[in-house]
Amino acid sequence: MIQFIIRRILQTVPVLLGVTILVFFMMHLIPGDPAQVIAGEAANEEQVEQMRERLGLNDPLYVQYGTYLMNALQGDLGDSIRSGREVTAEVSSRFWVTFELAFYSTLLSIFIGLIAGIISAVRQYTFSDVGIMIAALFGLSMPNFWLGLMLMQYFSLNLGWLPVSGWGTPDRIILPVLALGTAGAAIIARMTRSSMLEVISQDYIRTARAKGVKEKYVIYKHALKNAMIPVVTVIGLEFGTLLGGAVLTETVFSINGLGRYIVESIGARDFPVVQGSVLVIALVFVIVNLLVDISYRFLNKRIDFN
Amino acid sequence: MTTKLLEVNNLKQYFPIKGGILGRTINQVKAVDDISFYVNEGETLSIVGESGCGKSTTGRAILRLDKPTSGEVIFQGEDLLSINQRKMRKKRKDLQIIFQDPYASINPRQTVRQILDEAMDIQNVVPKPERLDRMMELLQTVGLGSHQLDRFPHEFSGGQRQRIGIARALAVNPKFIICDESVSALDVSIQAQVLNLLKQLQRDLNLTYLFISHDLGVVRHISDRVAVMYLGKVVEIGEKEAIFDNPKHPYTKSLLSAIPVPNPRKQKERIILKGDVPSPINPPSGCRFHTRCPFASDICETVTPELRQTNSMEGTHTAACHFIEEIESGRKHPSY
């Protein structure tokens, strides 16, 4: 088990290295000159050149990358071109906001999705099943920024129950989490349903019933646990997607999160910030997937890591 | 004196076919349609028939693993279909089932210990401190080693898994066990082992079996009595010898003629039926076999024959055909 974890952690090294290379060179392929952006429209050629020199932009790309990588390994992701502050500080404050948002949204998705999926599967083809699946279809089809706007309109403007935007206090968390978690809940519900249906028709569920196991335990102990593998996979992927994909929701609710920050930084050609942010997201994504892999061991006894 | 342990009366199991956006029931699959039979204490009754004739459905209906449409299943004087869920769960102690597929019928997340313990725990048959001894004993009974107690199902072979299934069924000291194609997934040498194990257990523990199978050789080996099913109906039932040596129903005859004879020089008469088994959705009227029966007449299309005995039949042997006597005396000729 520990061997497996160590092996998996070592495997993440090339992945993360690949991410830095990809992002670094892609950023430099985008037209636009950060020196020009910083120096301002009014700056003359000489000032821009000076700025370039200061930022190290005149060195060959591979030298720039090498310097960047060496610094990154020492925990220094450079300074933001725009604000001049350290990227690690800038990114980490925003990262935790986005992480919280993604985390609560995923929790909500799991909670609603699992319950809905189980009900749907247990009562297949009944009114509740059809109702849940139609609701799930809506949940999947609604763009989250639109849902966010609708929630805002209704709960904040019409009813005045919740604040329109911002982050930090519990009442500010509710709407963005709802907006972001709905699609995930729908995906998880559908996944749980189909996976549960597959398991429920298995003979060992009949065996459990024939033993006289209470229906409640048949569903939760015998069926659900065996049905969890695809669901856990989806949950892991969902969480990763939310981390990087919360931009629109963050924008709608004016949340100062990582997604929005990356988009702004791309616009300003703030290379160090974009690279640092993407690296952090990749790292978290890799960790989440590692956790998912480890959970397989507990869900499927046939998977043996040694 | 033999006593009836289980009596099935007019059992029907229809499955609805739902369709349309509202999920209305548009038709029904009549998987088991009005069958009656009984099983004596300590005997083995086999149900044979081809795929889709309702054998397994009958077994599941008896245990209420599906919800039967109507009928009675009387076990030791009590109708299992009319008691409530809680009482039924308690009753499951006496009635167990061994399924066909040993790969699918045990929960892959449970060790042998958990599988056996759960059964004993629910039915509370063995006090906790004695359970371990009982588990060891069970494993020994079915020919597994006690060192295999903490293994997961995937660590066993098919034959061993089926033994786990048997141990599980035995764990609660049942009186009646339904073997639903319990050996058909195993290869022949293992089949024989498991069959002999079942027979031996029957002698030792005074078990009663309902043995569901499509394998006539196996049925001949293990049964006391045999029931032949066709499209949800019992067409012939009786003592093993009567069914195999003196079959009366045209379907039974053709079914038995399909048994291979291990003698290459012996010419055997093979009765080949025309066509396929009709769909159990809207099954044929009258005698369900009339669409394929070489002896079918007009009456067969309209009147459903009842199980009945004629002078040439012995014991409890009955068959559901309008023309038993005529076919026997040669007054009626096959149309092929």
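Residues numbered from 1 in each chain as written. Chains lettered and ligands numbered in written order. Predicted model: local features only at pLDDT ≥ 70, side-chain atom pairs only at ≥ 80, totals over all residues.

1. Comments concerning the overall build of chain A
The number of helices and strands found in chain A is 13 helices and zero strands. From first element to last, N terminus to C terminus, chain A shows the α and β order α-α-α-α-α-α-α-α-α-α-α-α-α. Its C-alpha atoms give chain A principal-axis dimensions of about 85 × 60 × 30 Å. Look at the contacts in chain A between residues 6 or more apart in sequence, and 74% of them connect residues 24 or more apart. (Helix = DSSP H or I, 4+ residues; strand = E, 2+ residues; numbered from the N terminus. Contact = placed C-beta atoms within 7 Å.)

2. A word on the interface of chain B and chain A
Tallying the contact residues gives 23 residues for chain B and 18 residues for chain A. Secondary-structure elements contributing two or more residues to the side of chain B that touches chain A are strand S6 (95-98) and helix H3 (112-123) of chain B. Ranked by residue count, the leading element in the side of chain B that touches chain A is H3(B), at four residues.

3. Structural notes on the pairing of strand S7 (residues 176-180) of chain B
All names here are of chain B. Where burial is concerned, most of S7 is hidden: five out of the five residues are buried. Judged by which residues are buried, S7 turns out to be covered on both faces: Phe-176, Ile-178 and Asp-180 on one side and Ile-177 and Cys-179 on the other are all buried. With four bridges connecting them, S6 and S7 associate as parallel partners. Directly across from Leu-95, in S7, lies its bridge partner Phe-176. In this sheet, strand S8 (residues 208-213) lies alongside S7 in parallel orientation, the contact comprising five bridges. Residue pairing for S8: Phe-176 is matched across the bridge by Thr-208. (Buried ≥ 20, exposed ≤ 12 C-beta atoms within 10 Å, placed from the backbone. Pairing = 2+ DSSP bridges.)

4. A short note on the sheet that holds strand S2 (residues 24-40) of chain B
Residue and element names in this part refer to chain B. With respect to topology, four strands assemble into an open sheet ordered S2-S1-S4-S5, the strand pairing being antiparallel. Two strands bound the open sheet, and with one partner strand each, they are S2 and strand S5 (78-79). In the sheet, strand S4 (residues 70-75) pairs with S5 via two bridges, with the strands oriented antiparallel. Looking at the pairing, Phe-75 lines up with Glu-78 of S5.

5. Thoughts on the domain arrangement of chain A
Domain assignment breaks chain A into domain 1 (2-87) and domain 2 (91-299). Sorting the residues of the side of domain 1 of chain A that touches domain 2 of chain A by element identifies helix H1 (2-29) and helix H2 (34-39) of chain A as the ones contributing at least two each. (Domains from an automatic or database assignment.)

6. Details of the nonpolar core
The biggest cluster of nonpolar side chains holds 154 residues, and the ones touching the most others in it are Ile188(A) and Val228(B). Ranked by residues supplied to this core, first place goes to helix H8 (residues 170-200) of chain A with 14 residues. (Core = buried A, V, L, I, M, F, W, Y, C linked by C-beta atoms within 7 Å.)

7. Observations concerning the sheet that holds strand S11 (residues 318-319) of chain B
What links the strands of a sheet is backbone hydrogen bonding, and the strands pair in either a parallel or an antiparallel sense. Residues and elements named next belong to chain B. Spatially, S6-S7-S8-S3-S9-S10-S11 is the arrangement adopted by the seven strands of the open sheet, whose pairing is mixed. Each edge of the open sheet is held by one strand with a lone partner, namely S6 and S11. Here six bridges tie strand S9 (residues 225-230) to strand S10 (residues 233-239), and the two strands are oriented antiparallel to one another. Counted as the bridge partner of Arg-225 is Glu-239 from S10. Its contacts with the sheet put helix H5 (residues 158-170) on S6 and S7, and the angle it makes with S6 is roughly 175°. (Axes fitted to C-alpha atoms, helices over the stretch in contact; angles between N-to-C directions.)

8. Comments concerning the confidence of the model for chain B
Of all residues in chain B, 98% attain a pLDDT of 70 or more, and the chain-wide mean is 87. Interface scoring of the predicted complex returns ipTM 0.70; its pTM is 0.74. (pLDDT = per-residue confidence, 0-100.)

9. Remarks on the environment of Val97(A)
Residue and element names in this part refer to chain A. Tracing the sequence through the fold places Val-97 in helix H5 (residues 87-122). Overall, the presence of 20 C-beta atoms within 10 Å leaves Val-97 in the buried class. In this structure the C-alpha to C-alpha distance between Val-97 and Trp-167, which are 70 residues apart in sequence, comes to 7.9 Å. The residues touching Val-97, leaving out its near neighbours within four places in the chain, are Trp-167, Ile-255, Asn-256 and Gly-257.

10. Observations regarding the packing of H5(A) against helix H12 (residues 258-267) of chain A
All names here are of chain A. It is the contact of H5 with H12, at a shortest axis distance of 8 Å, that shows an interaxial angle of 135°. On the basis of their axis angle, the class for H5 and H12 is oblique. Of the residues in H12, those in contact with Val-91, Arg-94, Phe-95 and Thr-98 of H5 are Leu-258, Gly-259 and Tyr-261. When the residues that make up the contact of H5 with H12 are grouped by side-chain class, the tally is four nonpolar, two polar and one charged. (Parallel < 35°, antiparallel > 145°, perpendicular 65-115°, else oblique. Nonpolar A, V, L, I, M, F, W, Y, C, P; charged D, E, K, R; others polar.)

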